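Commentary on secondary and tertiary structure
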Amino acid sequence: MMSDTEYHRPLGIGESAFEGLEEHLEDRSYEGREYRHVPDYRRGIERGTVLIDREVVRGFPKVPRALVLETGIPTQFEDRVVVEEKLNGYNVRVVCLEGERLAFTRSGMVCPFTTRIIERLVDLEALFDDHPGAMVCGEMIGPENPYTAHDYPEVDSLAFRAFDWRDRQSGEPLAVEARRERYDRYGVPQTRLFGSYDVDEAADEVLRIVEDLEAENREGVVMRSPDATTLLKYTTSASTRSDLAYAFSLPFDYGQPFMFRRLLREGFRTIEVDGSDDIARKRAHELGEAILLSMREAIDTVGDGGTVGERHTVRASSETVEALLEHLRKQGLTLEIESDRREDGDRVLTFCKRVQSSNDKIENYLEGHVVTE
Ligand code: ATP
Ligand code: MG
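Because the structure is predicted, anything quoted here is derived from the model rather than measured.

**Brief notes about the overall build of the protein**
When its secondary structure is counted, the protein shows 12 helices and 15 strands. The C-alpha radius of gyration of the protein comes to 22 Å, within 12% of the 21 Å expected for a compact globule of 373 residues. Principal axes of the C-alpha set define a box for the protein whose edges measure 60 × 50 × 50 Å. In the protein, which comprises 373 residues, the share counted as buried stands at 50%.

**Re the packing of helix H10 (residues 277-303) against helix H12 (residues 357-366)**
At a minimum axis distance of 9 Å, the contact between H10 and H12 shows a crossing angle of 75 degrees. It follows that H10 is roughly perpendicular to H12 by the angle criterion. Contacts between H10 and H12 pair Ala-298, Ile-299, Val-302 and Gly-303 from the former with Asn-359, Ile-362, Glu-363 and Leu-366 from the latter. Class assignment of the residues belonging to the contact of H10 with H12 gives a composition of five nonpolar, two polar and one charged.

**Comments concerning the sheet that holds strand S4 (residues 55-57)**
Read across the sheet, four strands follow the order S1-S2-S3-S4 without closing on themselves; strand pairing throughout is antiparallel. Two strands close off the open sheet at either side, each with one partner strand: strand S1 (26-30) and S4. Taking the axes of each pair of neighbouring strands and ignoring which way they run, one obtains an average angle of 30 degrees across the sheet. Two strands pair when backbone bridges link them, and S1 and strand S2 (residues 33-37) are joined in this way by five bridges, in the antiparallel orientation. When the sheet's bridge partners are listed, Arg-28 is paired in S2 with Tyr-35.

**Focus: empty space enclosed by the protein**
Here the structure, examined in full by the defined rule, presents one cavity of 30 Å³ or more. Of the voids in this model, the largest cavity is the one considered here, and its volume is about 60 Å³. In terms of lining, the largest cavity is formed by Arg-65, Ala-66, Leu-67, Tyr-234, Thr-235, Thr-240, Arg-265, Glu-266 and Arg-269. Here the lining of the largest cavity gets three residues from one element, more than from any other, and that element is helix H9 (residues 256-272). For the lining of the largest cavity, the class distribution of residues is three nonpolar, two polar and four charged. Each of domain 2 (60-87 + 192-235) and domain 3 (238-303) gives at least three residues to the lining of the largest cavity.

**A word on the pattern of salt bridges**
Side chains bearing opposite charge may pair, as long as their charged atoms lie close to each other. Scanning all chains against the criterion turns up 35 salt bridges. With its nearest N and O atoms 2.8 Å apart, the salt bridge here joins Asp-346 to Arg-120. In this pair, Asp-346 sits in strand S15 (residues 346-354) while Arg-120 sits in helix H4 (residues 112-121), placing the two residues 226 residues apart along the sequence. Looking at Asp-346, the relative accessible area reads 11%, which means it is buried.

**What about the sheet that holds strand S14 (residues 335-343)?**
Overall, antiparallel pairing links the three strands, which are arranged S13-S15-S14 in an open sheet. Edge strands, defined here as strands with exactly one partner in the open sheet, are strand S13 (309-316) and S14. Strand-to-strand twist of the sheet, defined as the mean angle between neighbouring strand axes without regard to direction, takes the value 15 degrees. H4 rests against S13 and S15 of the sheet, and its axis sits at about 40 degrees to S13.

**Here's the deal with the domain arrangement of the protein**
Domains assigned within the protein are domain 1 (4-57), domain 2 (60-87 + 192-235), domain 3 (238-303) and domain 4 (309-366). For domain 1 and domain 4, the distance between their C-alpha centres works out to 30 Å.

**Topic: the site of ligand 1**
Taken together, 16 residues are adjacent to ligand 1, and Tyr-41, Glu-85, Lys-86, Arg-106 and Glu-139 come closest. Glu-85 is positioned with one of its backbone polar atoms (N or O) 2.8 Å from a nitrogen atom of ligand 1. One nitrogen or oxygen atom from the side chain of Asn-91 is found 2.9 Å from an oxygen atom belonging to ligand 1. Burial of ligand 1 by the protein chains amounts to 84% of its free accessible area of 600 Å². When residues of the shell around ligand 1 are traced back to their parent elements, those giving at least two are strand S5 (80-86) and strand S11 (220-224).

**Considerations on the UniProt feature "domain: RNA ligase Pab1020 C-terminal" (unreviewed entry) in the protein**
UniProt feature "domain: RNA ligase Pab1020 C-terminal" (unreviewed entry): in the numbering of this structure it lies at residues 246-368. For residues 246-368, the helix share is 58%, the strand share is 21%, and the end-to-end C-alpha distance is 25 Å.

Calculation criteria
Residues numbered from 1 in each chain as written. Chains lettered and ligands numbered in written order. Predicted model: local features only at pLDDT ≥ 70, side-chain atom pairs only at ≥ 80, totals over all residues. Heavy atoms only, no water. Helix = DSSP H or I, 4+ residues; strand = E, 2+ residues; numbered from the N terminus. Rg over C-alpha atoms; globule rule 2.2 N^0.38 Å. Buried < 20%, exposed > 50% of the residue type's maximum accessible area, 1.4 Å probe, protein only. Axes fitted to C-alpha atoms, helices over the stretch in contact; angles between N-to-C directions. Parallel < 35°, antiparallel > 145°, perpendicular 65-115°, else oblique. Contact = heavy atoms within 4.5 Å. Nonpolar A, V, L, I, M, F, W, Y, C, P; charged D, E, K, R; others polar. Pairing = 2+ DSSP bridges. 1 Å grid on protein atoms, 1.4 Å probe; cavity = no way out; pocket = protein on both sides within 12 Å on 5 of 7 lines; lining within 4 Å. Points joined across faces, edges and corners; volume = space filled by probe spheres on them. Domains from an automatic or database assignment. Salt bridge = Lys/Arg side-chain N within 4 Å of Asp/Glu carboxyl O. Near = heavy atom within 4 Å. Polar contact = N/O pair within 3.5 Å; in protein donor to acceptor, adjacent residues only side chain to side chain. Areas by Shrake-Rupley, 256 points an atom, 1.4 Å probe, with all protein chains shown as cover. UniProt positions renumbered as here; feature names shortened; annotations may be inferred.

See the structure below:
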């Protein structure tokens, strides 16, 4: 077994820096394999970085966001800007360790569900045979998944879309063109490419692209420098509204900063995008509805004796579903199974992750508890 401090080398940090990092590592195991990961943001080391089997699996970097495209884009890019679609699902990194493909979610946990289901969705065998140190980064999208469900007309249940190819240890990305070519060659589905634009015209192009995405209720774009080392995201108003609606449907479980950040996005967006007062007023109305109507529904539900929570449906083999339930329960989540049936040899399970505060507080306030603020 590699002594602990030897991990500092592949991580590219000093021995004492590693000792400082160690106390922030979370210990986990997956099918008898011990590993450690960085569950939250740390200076110098990406969140989601994993130490496993003497190897480092680098976390996916945090992607900065532009609030105003016209001025934001030129601060990040010098020359060309490649624009691809930002998909709304959950982040996955797939690597091959000791002959086994493992899928890690954002914070660096092996997800037993994704590790199994990815095998059905994409054939990565040839890719890892040729490039054993690759880290396949992408988004799992579609309505049937345990983390972030969003409907895409092209996805019935669940699908994978690659958006980066990185070196597993260093996190270095392949340039966009090379990455798109390689994934094409291995038959791996990728996120949509809109085009590559000169930095001076990029803001207008992105505004035009985002307008179309808006109409289709899609999330937004991620811009990259051609070498894929600089990333910048921008999202639609539709996506912000649906985030807010979701957050206000569990109003005491989502952090208030989550909500406030989204309100700010809308503030800046309306200045850059909504030309007239009339359009701004229409936006204000939609924003208000997203907040108020979802909160109203949640209060109503609890008032009627029901509970609110995060509902998800998954479709997979029975073994995969069991592994998922065990994984989620091990993290301390309380799950209520709402339906469990068989369909075409798969198990289709709908469950609800119980949230505590929203249920309790809504009930208390409905019963007349007063607030002193
Ligand atoms: P975090 O940055 O910690 O992942 P977040 O909530 O800020 O959390 P998002 O706002 O969803 O994340 O934006 C970043 C995420 O977008 C990436 O982690 C990735 O999972 C996802 N994503 C979807 N499409 C793309 C794409 N084309 N390029 C890069 N990331 C993408
Ligand atoms: Mg996301």
